[in-house]
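Here is how the chains run, residue by residue.
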Amino acid sequence: VHGRPLPAWAIQEAVVRVRSHVVRLKADSYSAYSYYVALNSLLKLHLTRQGIQMSTGLCETHPSIAYQCGRFLSAAEQVQIASNNYKDRNTGIAQAWYGSMSATPRAAFAAISRSLQHYYKKIDKPWPREKMASIVKAMGSEIPPYFDVNQQALFSLGYYHQSAFEKEESQR
């Protein structure tokens, strides 16, 4: 494995397991979170070996639409939480839409955007709209109908980086 590309099956399996973690588990336990971090580290290693530059943290200007779509979903989750419409951790936007958004982003983006309008009404501050607008701007004008496995890995890292950034910000 020294410097060579990782096997395609390993990347596909890592993408599937990250999706499973977000959709079903998203546990707060240290071991579950460590597993999630390790999977994203494996995806980052794969992308780096493919020649795709990745930062160690949030990159608001990353050129990949897949990365920005991951950020979009994570930020939408934060908007939902801020609107106090997040009673059960298993019914959030991320749990409902992660699988679709990471594989078939065009259709999922439209549905999530409609849901966000409901949440914006419950928040009397401008930051949610401003944050989402900046991410949508970074996404560009054309959302593809589907993502290949490398794009799904980028999506995962975008979601992970934005979520980690939001968690760090909330602890300050």
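Everything below is about the structure printed above this text.
Below or above, wherever it landed, is the structure these notes cover. Just so you know, these numbers come straight off a predicted model, no measurement behind them.

Describing the overall build of the chain
Looking only at helices and strands, the chain features seven helices and zero strands. Reading the chain from its N end, one meets helices and strands in the order α-α-α-α-α-α-α. Its C-alpha atoms give the chain a radius of gyration of 16 Å, near enough to 16 Å, the size a compact globule of 172 residues would have. Here the chain holds 172 residues, and 42% of them are scored as buried. Excluding contacts between residues fewer than 6 apart, the proportion of contacts in the chain whose partners are at least 24 apart in sequence is 76%. Counting every atom, the chain has about 9,300 Å² of accessible surface; 55% of that belongs to carbon and sulfur. When the 20 positive and 12 negative side-chain charges of the chain are each reduced to one mean point, those points stand 3 Å apart.

Comments concerning the state of the cysteines
Taken as a whole and assessed by the stated rule, the structure comprises zero disulfides. The thiol of cysteine 59 is not disulfide-bonded; the next cysteine sulfur, from cysteine 69, is found 15 Å away.

Describing the nonpolar core
Membership of the largest hydrophobic core comes to 42 residues, with the highest contact counts inside it found for Phe72, Leu73, Met101, Ile112, Leu116, Met132 and Met139. Mapped onto this core, the elements with two or more residues apiece are helix 1 (8-25), helix 2 (30-49), helix 3 (65-82), helix 4 (93-103), helix 5 (105-120), helix 6 (127-139) and helix 7 (149-170). For this core, the element with the highest residue contribution is helix 3, accounting for nine residues. In this structure leucine 116 touches Phe72, Ala76, Val79 and Met132, once residues within four positions along its chain are discounted.

Cut-offs applied
- Residues numbered from 1 in each chain as written.
- Predicted model: local features only at pLDDT ≥ 70, side-chain atom pairs only at ≥ 80, totals over all residues.
- Heavy atoms only, no water.
- Helix = DSSP H or I, 4+ residues; strand = E, 2+ residues; numbered from the N terminus.
- Rg over C-alpha atoms; globule rule 2.2 N^0.38 Å.
- Buried < 20%, exposed > 50% of the residue type's maximum accessible area, 1.4 Å probe, protein only.
- Contact = heavy atoms within 4.5 Å.
- Areas by Shrake-Rupley, 256 points an atom, 1.4 Å probe, with all protein chains shown as cover.
- Lys, Arg positive; Asp, Glu negative; His and termini not counted.
- Charge placed at Lys NZ, Arg CZ, Asp CG, Glu CD.
- Disulfide = S-S within 2.5 Å.
- Core = buried A, V, L, I, M, F, W, Y, C linked by side-chain atoms within 4.5 Å.

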